[in-house]
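Understanding the architecture of this molecule
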Amino acid sequence: MINATRLQLKNHFAYLQQFVAAPRTVGTLAPSSPWLCQAMLNQIEWTRALTIAELGAADGVLTKRILGRIRADADVDAYEIQPNFVHQLRQIDAPRLRVMAQSAERLERDYDVIFSCLPLLSMPLKVSMRILQQSQERLRTRDGTLVLFQYSHLSEKLLSRYFRWKKLRVVRNFPPALVYVCTPR
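In this text the structure is predicted, and so the values were computed from the model without any measurement.

Analysis parameters
- Residues numbered from 1 in each chain as written.
- Predicted model: local features only at pLDDT ≥ 70, side-chain atom pairs only at ≥ 80, totals over all residues.
- Heavy atoms only, no water.
- Helix = DSSP H or I, 4+ residues; strand = E, 2+ residues; numbered from the N terminus.
- Buried < 20%, exposed > 50% of the residue type's maximum accessible area, 1.4 Å probe, protein only.
- Lys, Arg positive; Asp, Glu negative; His and termini not counted.
- Salt bridge = Lys/Arg side-chain N within 4 Å of Asp/Glu carboxyl O.
- Polar contact = N/O pair within 3.5 Å; in protein donor to acceptor, adjacent residues only side chain to side chain.

Focus: the side chain of Asp-59
Here Asp-59 shows up in the loop between β1 (51-55) and α4 (61-69). No salt bridge is formed by the buried Asp-59; the nearest opposite charge belongs to Lys-64, separated by 6.1 Å. A polar contact of 3.4 Å, which involves the side chain of Asp-59, links it to the backbone nitrogen of Val-61.

A word on the pattern of salt bridges
Opposite charge on two side chains allows them to pair when their charged atoms are near. Across all of its chains, the model carries nine salt bridges by this definition. Among the salt bridges present, the one from Arg-109 reaches Asp-75, with a minimum N-O distance of 2.7 Å. Taken together, the residues span a long stretch of sequence, with Arg-109 in the loop between β3 (97-100) and β4 (113-116) and Asp-75 in strand β2 (residues 75-79) at a distance of 34 residues. With relative accessibility at 22%, the residue Arg-109 sits in the partly exposed group. For the salt bridge of Glu-108 with Arg-106, the shortest nitrogen-to-oxygen distance reads 2.7 Å. Residue Glu-108 is classed as partly exposed on the basis of its relative accessible area, which comes to 33%. Salt bridges sharing common partners tie together Asp-75, Asp-77, Arg-98 and Arg-109.

Below is the structure:
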């Protein structure tokens, strides 16, 4: 129990360090809660999802849960630009995981599902727009779904430009989050 608590504190401290170093790209002080991850994962029909992307994968808290849900013939591309997080993602022993140490402004292929943990409002508007446009284009060919969370409803106008969406609130997270389930326009 003490080791688990130490690991959790170490993890929170690592997020805090990353946030202080790059608040525009990290966007949070703590990893996503199990309840937020579960709310996001529950929005997907896993029997149909073969190609999955995660944008802003950080240290892999959601990535590991995605890997636990995917079919045996599915794979995951985890996009991350923070070097410390890229290093942590590469420590995950999963042959179906490709760590993409690059911006989500350029996605490598079409996807059935894209999960996003990116802080859209913290990033420059043009970057957020390029990421959402790329997501829309890469999902459109497969009738795919984008599932993302934000801490404010202020990104809804931007989301509406590229997607039809519905949202749900997750209060068991720090801070409470909004989960958006989006389909391309």
